[in-house]
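Inside the fold
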Amino acid sequence: MTISPSPLATSETWTDARLLYALEEVVETELNRHLTVAKDWMPHEYVPWSEGRDFDGVMGGEPWAPEQSKVSAIGRTALVVNLLTEDNLPSYHHEIATLFGRDGAWGNWVHRWTAEEGRHGIVMRDYLLTTRAVDPVELERFRMAHMSEGFESDNRHSMLHSVAYVAFQELATRISHRNTGHHSGDPVCDRMLARIATDENLHMVFYRNLLRKAFELAPDQTMAAVRDVVVNFRMPGHGMPGFERAAAQMAIGGIYNLRIHHDDVLQPVLRFLKALDISGLGPEGLAAQEELGLFMEGLDGQATKFDERREALLARRAARREAAG
Ligand SMILES: [Fe+2]
Ligand SMILES: [Fe+2]
């Protein structure tokens, strides 16, 4: 089935206010659907509290040392990136509340989403500190630096750009949490991150379904927004201390890289929306669709080159390890 523009679709420009109004009913339906499928889980159940003990400083306990951590090196890097990303929730709340408003169904979604995201930071920090998985002093210093910078969305200029961004970003976050769990080396960590990833998936579904409706109402404008977001996509944590280096390690470590971004994040959402197959577009929408298709092809090629470089690097590392005995 191909999505075709609804009889309401017009080539005129939709303002944010008109779109917010037109989409409110879908927001309500999607929020109700979300509430019936979302499981009300308890963050404290995912933390092995019996492993916890006092730290140095006020309590006079034992200082943190790297050998106390059971988590792999790549797992530690990714956990810090993923937690700092979750920690910037006040800025994200501000961004979406400003665009979507805090009234009616939109407001109900904004608040519910914020409450669910709050759980992610809580459970991750509790796990990391209880198990001594990462340096707590560095974690806190990074959190202060990251939150003090604030976060300003690249996509705040229109609500369609915002909805398109969060549809991809929630899936990107899901994949990043899930792969971090798989590479962490600790089944307790893996289970906690799998639980968070399930939430992120439901967030993606909410925004993805909203975007599908937007395609019916304002196909050309939605196509242009999706193209802009896909072409310029950046992870929300890009401003945190040491992000470039951490992102490079996560790419090599198979947690998040171009191949994963193309295959597991962009493709599934674009396929669901049938973005590259929608017909009946005006000139602006057609141009955007074509650019989107070309960009995806180019990205696939880049991802293949990255995969080759990554495999060569991993082979060299393995050979060095073998030589070292
Ligand atoms: Fe989250
Ligand atoms: Fe989320």
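So, a few notes on the structure that sits alongside this text.

The rules behind each value
- Residues numbered from 1 in each chain as written.
- Chains lettered and ligands numbered in written order.
- Predicted model: local features only at pLDDT ≥ 70, side-chain atom pairs only at ≥ 80, totals over all residues.
- Heavy atoms only, no water.
- Helix = DSSP H or I, 4+ residues; strand = E, 2+ residues; numbered from the N terminus.
- Rg over C-alpha atoms; globule rule 2.2 N^0.38 Å.
- Buried < 20%, exposed > 50% of the residue type's maximum accessible area, 1.4 Å probe, protein only.
- Areas by Shrake-Rupley, 256 points an atom, 1.4 Å probe, with all protein chains shown as cover.
- Donors = N, O, S within 2.8 Å, 3.2 Å for Na, K, Ca; no water.
- Tetrahedral: all angles 85-135°; square planar, octahedral: opposite > 155°, others 65-115°.
- Axes fitted to C-alpha atoms, helices over the stretch in contact; angles between N-to-C directions.
- Parallel < 35°, antiparallel > 145°, perpendicular 65-115°, else oblique.
- Left-handed = near helix turned anticlockwise from the far one by under 90°.
- Contact = heavy atoms within 4.5 Å.
- Nonpolar A, V, L, I, M, F, W, Y, C, P; charged D, E, K, R; others polar.
- 1 Å grid on protein atoms, 1.4 Å probe; cavity = no way out; pocket = protein on both sides within 12 Å on 5 of 7 lines; lining within 4 Å.
- Points joined across faces, edges and corners; volume = space filled by probe spheres on them.
- Patch = residues over 30% accessible without salt bridge, like charges linked within 9 Å, V, L, I, M, F, W, Y side chains within 5 Å.
- Salt bridge = Lys/Arg side-chain N within 4 Å of Asp/Glu carboxyl O.
- Lys, Arg positive; Asp, Glu negative; His and termini not counted.
- Charge placed at Lys NZ, Arg CZ, Asp CG, Glu CD.
- Phe/Tyr/Trp six-rings, centres within 6.5 Å; stacked < 30°, edge-to-face > 60°.

What follows deals with the overall build of the protein chain. When helices and strands are tallied, the protein chain shows 11 helices and zero strands. When the helices and strands of the protein chain are read in sequence order from the N terminus, they spell out α-α-α-α-α-α-α-α-α-α-α. Its C-alpha atoms give the protein chain a radius of gyration of 21 Å, within 12% of the compact-globule value 20 Å for 325 residues. If one aligns the C-alpha atoms of the protein chain with their principal axes, the spans along those axes are about 65 × 50 × 35 Å. Looking at the protein chain residue by residue over its 325 residues, the buried ones come to 51%. Total accessible area on the protein chain is roughly 15500 Å²; 54% of this is exposed by carbon and sulfur atoms.

A few words on the coordination of the iron ion (ligand 2). Distances from the iron ion (ligand 2) to its protein donors, Glu 117 (OE), Glu 170 (OE), Glu 200 (OE) and His 203 (ND1), fall within 1.8 to 2.3 Å. Geometry at the iron ion (ligand 2) is irregular, judged from its four donor atoms and the angles of 93 to 139° they form at the metal. In primary sequence terms, the donor set of the iron ion (ligand 2) follows E-x52-E-x29-E-x2-H. A separation of 3.9 Å is found between the iron ion (ligand 2) and the iron ion (ligand 1), both of which receive a donor from Glu 117.

A separate point is the coordination of the iron ion (ligand 1). On the protein side, the iron ion (ligand 1) has Glu 86 (OE), Glu 86 (OE), Glu 117 (OE), His 120 (ND1) and Glu 200 (OE) as donor atoms, found 2.0 to 2.4 Å from it. Within one chain, the residues donating to the iron ion (ligand 1) are spaced in sequence as E-x30-E-x2-H-x79-E. Since its relative accessible area comes to 1%, Glu 200 is described here as buried.

Right, let's talk about the packing of helix H6 (residues 159-183) against helix H10 (residues 258-273) for a bit. Helix-helix packing is described using two parameters, namely the angle between the two axes and the distance between the axes. The geometry of H6 relative to H10 is characterised by a closest axis approach of 10 Å and an angle of 140° between their N-to-C directions. By the angle class used here, H6 and H10 are oblique. Handedness of the H6/H10 crossing: right-handed. In contact with Ala 167, Phe 168, Leu 171, Ala 172, Ile 175 and Asn 179 of H6, H10 contributes Ile 260, Asp 264, Val 265, Leu 266, Pro 268, Val 269 and Leu 270. For the contact of H6 with H10, the per-class residue count stands at 11 nonpolar, one polar and one charged.

The next point concerns the layout of surface pockets. Its boundaries defined by the atoms lining it, the largest pocket holds a volume of some 560 Å³. Forming the boundary of the largest pocket are 25 residues, of which Arg 234, Met 235, Phe 243, Ala 247 and Tyr 256 lie nearest the centre. Mapped by element, the contributors of at least two residues to the lining of the largest pocket are helix H2 (73-87), H6, helix H8 (219-231), helix H9 (243-252), H10 and helix H11 (283-323). For the lining of the largest pocket, the leading source of residues is H9, giving six residues. In terms of residue class, the lining of the largest pocket is built from 14 nonpolar, nine polar and two charged. Here the second largest pocket is characterised by a volume of approximately 360 Å³. Lining the second largest pocket are 17 residues; nearest its centre among them are Arg 76, Thr 77, Val 80, Glu 138 and Phe 142.

Another aspect to go through is a positive patch on the surface. Residues Arg 316, Arg 317, Arg 320 and Arg 321 make up a contiguous surface patch of positive charge. Here Arg 316 shows up in helix H11.

With that settled, the discussion passes to the side chain of His 261. Inspection of the secondary structure puts His 261 in helix H10. By relative accessible area, which is 9% here, His 261 ends up buried. The residues touching His 261, leaving out its near neighbours within four places in the chain, are Phe 233, Tyr 256, Leu 266 and Leu 299.

Tallied over the entire structure, the rule returns eight aromatic pairs. With centroids separated by 3.6 Å and ring planes inclined at 5°, the aromatic side chains of Trp 109 and Phe 206 adopt a geometry described as stacked. In this pair, Trp 109 sits in helix H4 (residues 104-130) while Phe 206 sits in helix H7 (residues 187-217), placing the two residues 97 residues apart along the sequence. You'll find Trp 109 and Phe 206 in the same group, each marked buried.

Within the structure shown, the criterion is met by 16 salt bridges. Taking the shortest distance from any N to any O, the salt bridge between Arg 112 and Glu 116 comes out at 2.6 Å. One end of the pair, Arg 112, and the other, Glu 116, are both in helix H4, four residues apart, so they sit about a helical turn from each other. The partly exposed category is assigned to Arg 112, whose relative accessible area is 28%. Given a relative accessible area of 6%, Glu 116 falls into the buried group. Here Asp 300 makes a salt bridge to Arg 259, at a shortest N to O gap of 2.8 Å. Highlighted residues: Asp 300 in helix H11 and Arg 259 in helix H10, separated in sequence by 41 residues. Judged by relative accessible area, which is 30%, Asp 300 ranks as partly exposed.

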